[in-house]
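Here is what each chain is made of, one letter per residue.
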Amino acid sequence: DTGVSQNPRHKITKRGQNVTFRCDPISEHNRLYWYRQTLGQGPEFLTYFQNEAQLEKSRLLSDRFSAERPKGSFSTLEIQRTEQGDSAMYLCASSFPARTDTQYFGPGTRLTVL
Amino acid sequence: QKEVEQDPGPLSVPEGAIVSLNCTYSNSAFQYFMWYRQYSRKGPELLMYTYSSGNKEDGRFTAQVDKSSKYISLFIRDSQPSDSATYLCAAVGRGTDKLIFGTGTRLQVFP
């Protein structure tokens, strides 16, 4: 399967714990995006990378959130000191450069904070 | 006000009907428009994308953009029960890569 993959698919954690999610983009794609989706809403942009450079961050990405793409391949999204409001689906997408109109999404990681 | 507005539905139609899904947007800088389909608890799947005003057809799907009225539509012909999903419209502006999504319209096609 050559699509975007995300792990884990589900994560249940207690408030205050740290969690880390991984995204593996489509192999030829240089750009990688993170979005967050809550129930009944469309995805909201968090951040994106071209290769290893983080080019844009949303105001939604508070100090507790950090994203990395150290070798320009897979990416990780870490949430520190999780809060119940962090419960959501975290989606990763990838695309070729300058093809923002064709972002392909992974299956998402569903986070539940108890 | 959200930059992309979409009626959440649900929209319920019989099999074989023509479905019309619509979004409006407020930002004149939006250049590209997309439609995604999302099944329950899955990631969004890209259906169609378009740049300019007018129609774009792909099989049973037609995307329509009217930039003068800031209105985008997706038509589904001969709808099938397998089309039952949430349909998300999205837009991208100049100088940015971030997609701005509507809330999604839940569609149910019954046999």
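Throughout what follows, the structure given in this document is the object of discussion. (Residues numbered from 1 in each chain as written. Chains lettered and ligands numbered in written order. Predicted model: local features only at pLDDT ≥ 70, side-chain atom pairs only at ≥ 80, totals over all residues. Heavy atoms only, no water.)

1. Thoughts on unusual backbone geometry
Part 1: With an omega of -10°, the peptide bond running from Asn-7 of chain A to Pro-8 of chain A counts as cis.
Part 2: In this fold, Pro-8 of chain A is placed in the loop between strand 1 (5-7) and strand 2 (10-13).
Part 3: Backbone torsion omega between Gly-9 of chain B and Pro-10 of chain B reads 10°, so that peptide bond is classified as cis.
Part 4: Position of Pro-10 of chain B relative to the elements: it lies in the loop between strand 1 (4-6) and strand 2 (11-14).
Part 5: For Asn-51 of chain A, which is not a glycine, the phi torsion comes out positive at approximately 55°.
Part 6: Turning to its location among the elements, Asn-51 of chain A is positioned in the loop between strand 5 (44-50) and strand 6 (53-57).
Part 7: Notably, Arg-41 of chain B is not glycine yet its phi reads approximately 60°, a positive angle. (Helix = DSSP H or I, 4+ residues; strand = E, 2+ residues; numbered from the N terminus.)

2. What about the state of the cysteines?
Part 1: Per the counting criterion, the structure on display carries two disulfides over all chains.
Part 2: Shown here is the disulfide that connects Cys-23 of chain A with Cys-92 of chain A, its sulfur atoms set 1.8 Å apart. When the S-S torsion is -70°, as for the bridge of Cys-23 of chain A with Cys-92 of chain A, the disulfide is left-handed. Linking Cys-23 of chain A in strand 3 (residues 19-24) with Cys-92 of chain A in strand 9 (residues 88-95), this pair joins segments that are 69 residues apart in sequence.
Part 3: A relative accessible area of 0% means that Cys-23 of chain A is categorised as buried.
Part 4: At a sulfur-sulfur separation of 1.9 Å, the disulfide partner of Cys-23 of chain B is Cys-89 of chain B. Torsion about the S-S bond of the Cys-23 of chain B and Cys-89 of chain B cystine: about -100°, corresponding to left-handed handedness. Here the residue Cys-23 of chain B occupies a position in strand 3 (residues 19-25), and Cys-89 of chain B occupies one in strand 9 (residues 85-93), the gap between them amounting to 66 residues. (Disulfide = S-S within 2.5 Å. Buried < 20%, exposed > 50% of the residue type's maximum accessible area, 1.4 Å probe, protein only.)

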